[in-house]
Amino acid sequence: MATIIALTNQKGGVGKTTTSSALAAGLFSFHDKKVLAIDLDPQGSLGFSLGLDIENCKTIYDVLTGQVPIREAIQETDYCDIITSNILLSGAELEFTSSDRDLLLKKALIPVKSNYDYIIIDTPPALNILTVNAYAASNHLIIPMAPEILSLLGVSQLKETIDSVRQSVNPNLNVLGIILTKFNPRTLLAREVKEMAENIASQMGTRVFANQIRTSVTVAEAPAHGLSVFDHAPHANPSLDYQEFVQEVVTRTSSTITQGGASNGQEK
Ligand SMILES: Nc1ncnc2c1ncn2[C@@H]1O[C@H](COP(=O)(O)OP(=O)(O)OP(=O)(O)O)[C@@H](O)[C@H]1O
Ligand SMILES: [Mg+2]
């Protein structure tokens, strides 16, 4: 049964999509895992960055609105299977009105969950019906943060949303960790932000991942080639850092499983 992980932060541009794409590709490339990546952001960047056309295909919108079975929306890439998204999904807040509106993704995943080791969900920069669907369907959340003071604001709203999902539809939701992205270790600000992130993590009952993702232009270049950061620039700092991060995700998710802990990837 797949371990389901959503990348989330309502702040824009903090590395959610970049980290989703690196995690999906890294789980396959270094750990031989079978991965389904789901783009739950109407911006559609995840599919685009893995080289897919997001306009003339079935998307997660078609799945969540019940128009196509989930298997028909899955596309294959060199790294993982993926369900793309596009701007149609931005109507979700108004269109998803059923009483199970928070559980549409969780229910949609049931027929394919056992085909994968990991399901990675990229979410929009918002706390809305789409993020709630991602939280309801997931075992774990990973919170990417950029070392900017503004990126630390709003964490209390994020925590409130997580708590409310725990109280309603997903009591076992676990925060796997905070990953610092776009990191420049030479700046004083970066070191201060790391300390602040550690405080936030302890308030949330989680940890900051041991390795930060250093900043490099190679990260912005990779999507233009439809390649993972590892294949585009294998020796660049972000590739080395993301490789360590993926290892840590595998270790943390496996230890939760062996402990039979709260978030063990099994259906309740
Ligand atoms: N380690 C890094 N070094 C340099 N640039 C980076 C790094 N990580 C991400 N970026 C760049 O920062 C920008 C935002 O990254 P990304 O799209 O992953 O963020 P996001 O949180 O998904 O944004 P949104 O909230 O809009 O969905 C992109 O242009 C990306 O190439
Ligand atoms: Mg994004």
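Description of the structure in this document. Predicted model only: the values in this text are computed from it and were never measured. (Residues numbered from 1 in each chain as written. Chains lettered and ligands numbered in written order. Predicted model: local features only at pLDDT ≥ 70, side-chain atom pairs only at ≥ 80, totals over all residues. Heavy atoms only, no water.)

### Comments concerning the sheet that holds strand β4 (residues 81-83)
Condition: Think of it this way: DSSP has to see at least two bridges between two strands before they count as a pair. To qualify as a helix, a DSSP run of H or I must reach at least 4 residues; to qualify as a strand, a run of E must reach at least 2; elements of each kind are numbered from the N terminus. Whether two residues are in contact is decided by their heavy atoms: any pair within 4.5 Å suffices. Axis definition: a line fitted to C-alpha atoms, over the contacting stretch in the case of helices. Angles run 0 to 180 degrees between N-to-C directions.
Taken in spatial order, the seven strands of this open sheet run β3-β4-β2-β5-β1-β6-β7, and their pairing is mixed. On the outer flanks of this sheet lie β3 (75-76) and β7 (174-180), each paired with one strand and no other. Where strand β6 (residues 140-145) lies against β7, six bridges are found, and the strand directions are parallel. Counterpart to Ile143 in the pairing with β7 is Ile178. Where helix α1 (residues 16-31) meets the sheet, it contacts β1 (3-7), β2 (35-39), β5 (118-122), β6 and β7, and its direction lies at approximately 165° from that of β5.

### Concerning the site of ligand 1
As a reminder, the rule being used: Whether a residue is near a molecule or strand depends on its heavy atoms: if one lies within 4 Å, it is near. Pairing of N or O atoms within 3.5 Å defines a polar contact, subject to two protein rules: one partner must be a possible hydrogen donor and the other a possible acceptor, and residues neighboring in sequence count only if both atoms are side-chain atoms. Residue exposure ignores everything except the shown protein chains as possible cover, and the areas themselves are Shrake-Rupley values with a 1.4 Å probe. Residues were grouped as follows: Ala, Val, Leu, Ile, Met, Phe, Trp, Tyr, Cys and Pro as nonpolar; Asp, Glu, Lys and Arg as charged; and all remaining residues, including Gly, as polar.
With respect to spatial proximity, 18 residues lie near ligand 1, and among them Gly15, Lys16, Thr17, Thr18 and Lys182 are the closest. The contact in question runs from an oxygen atom of ligand 1 to an N or O atom on the side chain of Lys182, over 3.2 Å. Contact between ligand 1 and Thr215: a nitrogen atom at 3.3 Å from a side-chain N or O atom of the residue. Calculation on ligand 1 without its partners gives an accessible area of 630 Å², and the protein chains cover 78% of this total. When contributions to the shell around ligand 1 are tallied by element, the ones reaching two or more residues are α1 and α10 (217-221). A per-element tally of the shell around ligand 1 places α1 first, with three residues. Here the shell around ligand 1 is composed, by residue class, of five nonpolar, eight polar and five charged.

### Observations regarding the packing of aromatic side chains
As a reminder, the rule being used: Each Phe, Tyr or Trp ring, with Trp reduced to its six-membered ring, pairs with another whose centre is within 6.5 Å; inter-plane angles below 30 degrees give stacked pairs, above 60 give edge-to-face pairs, and intermediate values give tilted ones. Think of it in three bands: with a 1.4 Å probe and only protein chains considered, a residue is buried below 20% of the maximum accessible area for its type, exposed above 50%, and partly exposed in between.
Under the defined criterion, the tally for this structure stands at three aromatic pairs. Judged by centre distance (4.8 Å) and plane angle (85°), the rings of Phe30 and Phe230 are edge-to-face. Here Phe30, found in helix α1, pairs with Phe230, found in helix α11 (residues 229-232); they are 200 residues apart in sequence, far enough to count as distant. Judged by centre distance (6.1 Å) and plane angle (70°), the rings of Tyr242 and Phe245 are edge-to-face. Placement of the pair is Tyr242 and Phe245 together in helix α12 (residues 237-258), with a separation of three residues, close to one helical turn. Under the relative-accessibility criterion, Phe245 is labelled buried at 0%. Through pairs of rings, three or more aromatic residues link up here, namely Phe209, Tyr242 and Phe245.

### Re the packing of helix α6 (residues 129-137) against helix α8 (residues 155-167)
Basically, it comes down to this: Oblique is the label for any angle not under 35 degrees, not over 145, and not in the 65 to 115 range, which are roughly parallel, roughly antiparallel and roughly perpendicular in turn. A clockwise turn of the near helix away from the far one marks a right-handed crossing, whereas an anticlockwise turn of less than a right angle marks a left-handed crossing.
As a packed pair, α6 and α8 sit with axes 10 Å apart at the nearest point and diverge in direction by 55°. One finds that α6 runs oblique with respect to α8. The hand of the α6/α8 crossing is right-handed. Judged by residue contacts, Val132, Tyr135 and Ala136 of α6 engage Leu158, Thr161, Ile162 and Val165 from α8. Partitioned by chemical class, the residues of the contact of α6 with α8 number six nonpolar, one polar and no charged.

### Description of the layout of surface pockets
Just so we agree on the cut-off: In this analysis the probe radius is 1.4 Å and the grid spacing 1 Å, with only protein atoms considered; a cavity is a set of points the probe fits into but cannot get out of, a pocket is an open set with protein on both sides within 12 Å along at least five of seven lines, and lining residues have an atom within 4 Å of a point. Grid points are joined across faces, edges and corners, and a volume is the space filled by probe spheres set on the points.
Taken as a whole, the largest pocket holds about 350 Å³ of empty space. Every residue lining the largest pocket is counted, 23 residues in all, and those nearest its centre are Thr18, Val219, Ala220, Pro223 and Tyr242. At the level of secondary structure, the elements contributing two or more residues to the lining of the largest pocket comprise α1, α2 (45-49) and α10. Here the lining of the largest pocket takes four residues from α1, the largest share from any one element.

### Brief notes about the environment of Asn237
When you line up the elements, Asn237 lands in helix α12. In sequence terms Asn237 and Arg214 are 23 residues apart; their C-alpha atoms lie 6.1 Å from each other. Polar side-chain contacts of Asn237 include one of 3.3 Å to the side chain of Arg214.

### Considerations on α6
Residues three or four positions apart in an α-helix share a direction because the helix packs 3.6 residues into each turn. Burial of α6 is extensive: nine of the nine residues sit out of reach of the surface. For α6, the complete set of buried residues consists of Ile129, Leu130, Thr131, Val132, Asn133, Ala134, Tyr135, Ala136 and Ala137. Next to the buried residues of α6 lie β1, α4 (92-95), α5 (104-109), β5, β6 and α8. Where α6 starts, the residue carrying a side-chain oxygen 2.9 Å from the main-chain nitrogen of Leu130 turns out to be Asn128.

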